[in-house]
Amino acid sequence: MTTSFSTSTPFLFILLLSIPFVLGASRHHTPAPAPAVDCSMLILNMADCLSFVSAGGTETKPASSCCSGLKTVLKTDAECLCEAFKSSASLGVTLNMTKATTLPTACKLHAPSIAACGLSAAPTMAPGNLYISFV
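In this text, all values refer to a predicted model and were calculated from it rather than measured experimentally.

> Give a detailed account of the overall build of the protein, specifying residues and quantitative values.
If you tally the helices and strands in the protein, you get 6 helices and 2 strands. Going from N to C terminus, the protein has its helices and strands arranged as α-α-α-α-α-β-α-β. In the protein, buried positions account for 27% of the 135 residues. Total accessible area on the protein stands at roughly 9300 Å², and carbon and sulfur atoms take up 65% of it.

So, in structure tokens, the structure goes:
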């Protein structure tokens, strides 16, 4: 009986030591992160901005509905503004980047610099207006 007890003692000792570790690990489990914002749906709030920011657009100031849509985008996830600029070509829209970059100011809103979007643009029209199409 002594032999049996002495062989099982280390096993029991290890088992007893591991119980707090197992229980502690299950109590400190962190939940999965929330899903990222779907920018493709969010930027639809800015649909009324197209008449202001589109190449060839004649609007001199954005509509109030455009500004409220932009405000929604900026409050939810400001990075979606970059996504809007980047995805414009796939949506068949050529942007006047001169007007697009002034959109937050024209709406009296604060937004991160468009330089942070990593956009590269080449002028395709008159020097005063920069038009961009992403391909």
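> Hey, could you go over helix α4 (residues 64-77) for me, with residue numbers and the actual values?
Helix length check: α4, at 14 residues, gives a terminal C-alpha distance of 20 Å against a target of 20 Å (1.5 Å per residue), a fit within 8%. When α4 is considered as a whole, its buried residues turn out to be Cys66, Cys67, Gly69, Leu70, Val73 and Leu74. Taken down its axis, α4 places every buried residue within 160° of arc, on the same side. Pointing more than 90 degrees away from the buried face of α4 are the exposed residues Ser64 and Lys75.

> If you had to explain the state of the cysteines to someone new, which residues and values would you point to?
Tallied over the entire structure, the rule returns 4 disulfides. What pairs with cysteine 39 in a disulfide is cysteine 80, and their sulfur atoms sit 1.9 Å apart. Between cysteine 39 and cysteine 80, the S-S dihedral sits near -75°, and the bridge is therefore left-handed. Placement of the pair is cysteine 39 in helix α2 (residues 39-42) and cysteine 80 in helix α5 (residues 79-87), with a sequence separation of 41 residues. You'll find cysteine 39 and cysteine 80 in the same group, each marked buried. Shown here is the disulfide that connects cysteine 49 with cysteine 66, its sulfur atoms set 2.0 Å apart.

> Could you give an account of the layout of surface pockets, with specific residues and numbers?
Its volume calculated, the largest pocket comes out at about 260 Å³. Ile43, Met46, Leu50, Ala84 and Leu91 are the residues nearest the centre of the largest pocket, which is lined by 15 residues in total. Sorting the residues of the lining of the largest pocket by element identifies α3 (50-53) and α5 as the ones contributing at least two each. Residue contributions to the lining of the largest pocket peak at 3 residues, all from α5. Of the residues assigned to the lining of the largest pocket, the class counts are 13 nonpolar, 2 polar and no charged.

> So what's going on with the packing of α4 against α5? Which residues, and what values?
Running from N to C, α4 and α5 cross one another at 125°; their axes reach a closest spacing of 7 Å. In terms of axis orientation, α4 runs oblique to α5. Where α4 approaches α5, its residues Leu70, Val73, Leu74 and Asp77 are matched on the opposing element by Glu79, Cys80 and Leu81. Its residues assigned to classes, the contact of α4 with α5 shows 5 nonpolar, no polar and 2 charged.

> Residue-level account of the side chain of lysine 99, with values.
Looking at where lysine 99 falls in the secondary structure, it is placed in helix α6 (residues 97-106). Among the polar contacts made by the side chain of lysine 99, one reaches the main-chain carbonyl oxygen of glutamate 59 at a distance of 2.4 Å. Discounting residues that sit within four places of it in the chain, lysine 99 has contacts with Phe52, Val53, Gly57, Thr58 and Glu59.

> I'd like a description of the nonpolar core, backed by residues and values.
Judged by nonpolar contacts, the single largest core of 23 residues is most densely connected at Met46, Leu70, Leu81 and Leu103. Among the elements of the structure, α2, α3, α4, α5 and α6 are those that each provide at least two residues to this core. The biggest single contributor to this core is α4, with 5 residues. Contacts of methionine 46, omitting those with residues within four sequence positions, involve Gly69, Leu70, Val73, Leu81 and Leu103.

How each quantity is defined
- Residues numbered from 1 in each chain as written.
- Predicted model: local features only at pLDDT ≥ 70, side-chain atom pairs only at ≥ 80, totals over all residues.
- Heavy atoms only, no water.
- Helix = DSSP H or I, 4+ residues; strand = E, 2+ residues; numbered from the N terminus.
- Buried < 20%, exposed > 50% of the residue type's maximum accessible area, 1.4 Å probe, protein only.
- Areas by Shrake-Rupley, 256 points an atom, 1.4 Å probe, with all protein chains shown as cover.
- Expected span 1.5 Å × (residues − 1).
- Arc of directions from axis to C-beta.
- Disulfide = S-S within 2.5 Å.
- 1 Å grid on protein atoms, 1.4 Å probe; cavity = no way out; pocket = protein on both sides within 12 Å on 5 of 7 lines; lining within 4 Å.
- Points joined across faces, edges and corners; volume = space filled by probe spheres on them.
- Nonpolar A, V, L, I, M, F, W, Y, C, P; charged D, E, K, R; others polar.
- Axes fitted to C-alpha atoms, helices over the stretch in contact; angles between N-to-C directions.
- Parallel < 35°, antiparallel > 145°, perpendicular 65-115°, else oblique.
- Contact = heavy atoms within 4.5 Å.
- Polar contact = N/O pair within 3.5 Å; in protein donor to acceptor, adjacent residues only side chain to side chain.
- Core = buried A, V, L, I, M, F, W, Y, C linked by side-chain atoms within 4.5 Å.

These results come straight from atomic positions and should not be treated as a statement about function.
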